[in-house]
Amino acid sequence: MSLAHDDADFDAKNGIIDSETPTHTQLAALYKQSFAYYTFRIRLPSTLETIANSLAKDKDVLLAVYGADVASDIEQTANHIRELRSNILHNGNLLPFADNGSDAAVWNTFLEHLPQEKRSYFRACWLYAECYMYRKVNSIFLTSRHLASYDYFSKQKQTAAELSLDAMLAVARGTRSNEKNAATFQQLLKLNLWGNRCDLSITSGKQIKPTGDAFDLIKELDENLLVDDTSAIWQSLHTANGEGIVELICDNAGYELYTDLILAEYIIDKGLARKVRFNVKAIPWFISDVMTHDYHWTLQFLSDQADPVLSELGKKLKRLTEEGKFELAPLEHFWTSPYEFYRMVEVNPSLYERLSQAQLVIFKGDLNYRKLLGDYSWRDTESFDTCLRGFKPSNLCTLRTIKADLACGLPQGLSQQLFAKNKEWMLTGEYGLIQFASK
Ligand SMILES: O=P(O)(O)OC[C@H]1O[C@](O)(CO)[C@@H](O)[C@@H]1O
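Residue positions are counted from 1 within each chain, in the order its sequence is given. Thresholds applied to this predicted model are a pLDDT of at least 70 for local features of residues and 80 or more for the giving and counting of side-chain atom pairs; totals over whole chains, interfaces and linings are not thresholded and use all residues. Excluded from the side-chain calculations are hydrogens and water; all other atoms, namely the structure's heavy atoms, are used.

Looking up the protein in an unreviewed UniProt entry gives the name Sugar phosphate phosphatase, with the organism given as Drosophila rubida. Its UniProt record, at the heading Sequence similarities (unreviewed entry), says of the protein: "Belongs to the damage-control phosphatase family. Sugar phosphate phosphatase III subfamily." UniProt positions are given in the numbering used here, feature names are shortened, and annotations may be inferred rather than shown by experiment.

(A) Expanded view of the sheet that holds strand β6 (residues 396–401). Strand order in this open sheet of 7 strands is β1-β7-β6-β5-β2-β3-β4, and the pairing throughout is mixed. In this open sheet, the two strands that pair with only one neighbour each are β1 (225–228) and β4 (326–328). Strand-to-strand, the axes of this sheet are offset by a mean angle of 15°, without reference to chain direction. Those strands touched by helix α17 (residues 365–373) are β2 (245–249), β5 (360–364), β6 and β7 (432–437), and its axis lies near 130° from that of β6. We call two strands paired when DSSP finds no fewer than two bridges between them. Under the DSSP-based scheme used, a helix requires at least four consecutive residues in state H or I and a strand at least two consecutive residues in state E, with every element numbered from the N terminus. An axis is simply a line fitted to the C-alpha atoms; with a helix, the fit covers only the stretch in contact. Between two such axes, the angle follows the N-to-C directions and lies from 0 to 180 degrees. Two residues form a contact once any of their heavy atoms are found within 4.5 Å.

(B) Spatial organisation of α17. Accessibility here uses a 1.4 Å probe with only protein chains present; expressed as a share of the type maximum, an area under 20% marks a residue as buried, one over 50% as exposed, and anything in between as partly exposed. The buried fraction of α17 is high, at 9 of 9 residues. Positive phi shows up at Gly 374, right after α17, with a value of about 75°.

(C) The arrangement of the pattern of salt bridges in detail. Salt-bridge detection follows one rule: a side-chain nitrogen of Lys or Arg within 4 Å of a carboxyl oxygen of Asp or Glu. All told, the structure shown has 30 salt bridges when counted by the stated rule. A salt bridge links Arg 173 to Asp 307; the nearest nitrogen and oxygen atoms lie 2.8 Å apart. You can see Arg 173 sitting in helix α8 (residues 165–174) and its partner Asp 307 sitting in the loop between α13 (292–303) and α14 (308–322), a full 134 residues away along the chain. Take Asp 307: its relative accessible area is 18%, and that puts it in the buried class. A salt bridge links Arg 277 to Glu 247; the nearest nitrogen and oxygen atoms lie 2.5 Å apart. Taken as a pair, Arg 277 in strand β3 (residues 275–279) and Glu 247 in strand β2 lie far apart in primary sequence, 30 residues in all. A residue is classified by how much of its surface remains accessible, and Arg 277, at 11% relative accessible area, is buried. Linked by salt bridges that have partners in common, Glu 247, Lys 275, Arg 277, Glu 327 and Arg 354 make up one network.

(D) Region of interest: the environment of Gly 254. Tracing the sequence through the fold places Gly 254 in the loop between β2 and α12 (255–269). Overall, Gly 254 belongs to the buried group, its relative accessible area being 2%. Through-space distance from the C-alpha of Gly 254 to that of Gln 158 is 6.7 Å; in sequence the pair is 96 residues apart.

So, in C-alpha cells, the structure goes:
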C-alpha cells in the first residue's frame, strides 16, 4: 500500500505535520508519515463506502427481515454513512452522541474531557478517533427506524468463516489427540496468534482465505514471531491448581474465533483452568470483531458440517458452553470504548476487579494491543511492563499480529533491520508478538 497520496490543500488547512510520529507521543493522523494518517485518508473512507454499498446490495434480505418500511431506512442510513465518510475526509469534529446507546453517556463524558483542539479525526489520538468512527456508524444505525439491531458486519464475518472451512478442518484433525505438555500448548498459542492475520479491518473488508496446513504455517512463520513468551504463559497455567479462570478478550470472528475455541478446548480438557470466559463486543466493531451472535453462529456452523470431525467438535463446544466451562462474559461496553486499558481501573473498576480474579487474561489482536500500549509511540525496545503503565489485573498476555505502527519489547536493532527490508513491515500482519506480563 502506498502511503503517498498528496493533498497539499488538506494538509495545509489542517496543520498536518509531514513527519513520523515523534517518540513518546500519542499516535495521530496529524503526522503524515503515520499509519493513522493513511487510515483516515484512505482505509476508513473505503470501509465506510463498503458499508454504505452493502446496504443497497443487501436490500432484499433487509426487506425480508425488517419489512417493506425498511426501504426508506436503507437509503437514509447509507446517506448518513456517506456523510460520515465525507466528514472524516474534511477532518470533521468528534461530536457528542445523541442516541439511546447505553454507552452514549460514557462516550460523551470522554469527549468532553478531550481538549477542544484535539476533537477532530486528524487531531485526536488515532485510537480515540478510530473507535469514535465505529461507534458513530453504530449511532447511525441506532437512530434509524428499523435497523437499530442490525449487525452490518454479520455477512462479512460469516463469509470469512465459510472461506476458512478447509483450514478449520485441518486444525480440528491435527488437534484431536493432543498431549498435555508445554510444546503442544505453545504450538496452539502460535496457531492462535496467526489466526489473527485473518482480519477484515486491515483489508477494509476484502476477504482472505487462510491456505496451507496451519501447523506447517506455524513452523514457517516462527522467524516472524518477534517475541515468544509462550513458555511463560504455559508456566502461568501449568503451575496453578487448574481451578482458575482464563479471561479471553476476543478479537475477530471467523477463523480467529475458531482458533480461540481450539485453545480454550485444550485449556479445559487438560485441566489448566476450570473455565474460559469469552469477552465479546456489545456492538458491531472493526468489521470482524466477535459479538454474542457470532459465537453461537460459529458453534452451530461447526455442528452443521458434514465432516464428523467438525460436527463432533461443534457439539462438544456447545456442551462446554452449556456446562459453563466456556462462558460468554457479561457484555461490557468498555471493550468498544476509546479508553486505553491503563485507565480501566478508574473508568470501570468492576471489570478490572473481575479480570483480577483470573489466572490469566489473554488479549487478542492489534486493537487490544494498541489499547494495552495506549496508542503511544514507545521506543520499540521499551519493556511490555513499562508500556502497560500499571495495567496489571493479573497474569496477562497478548497474541497480536502487527498491523499498526507501534510495538514494544523488541531486541535492540531488530526494527531497524525490518524497516530496511520493508518500510511497511508493521502494517501487514505478517509479523507477530506473543508477550506476557506476570502479576
Ligand atoms: O482485528 P485486529 O487484529 O484488532 O486489527 C484491528 C486493527 O487493524 C487496523 O484496522 C489496521 O491497522 C487497525 O486500525 C486496528 O488496530
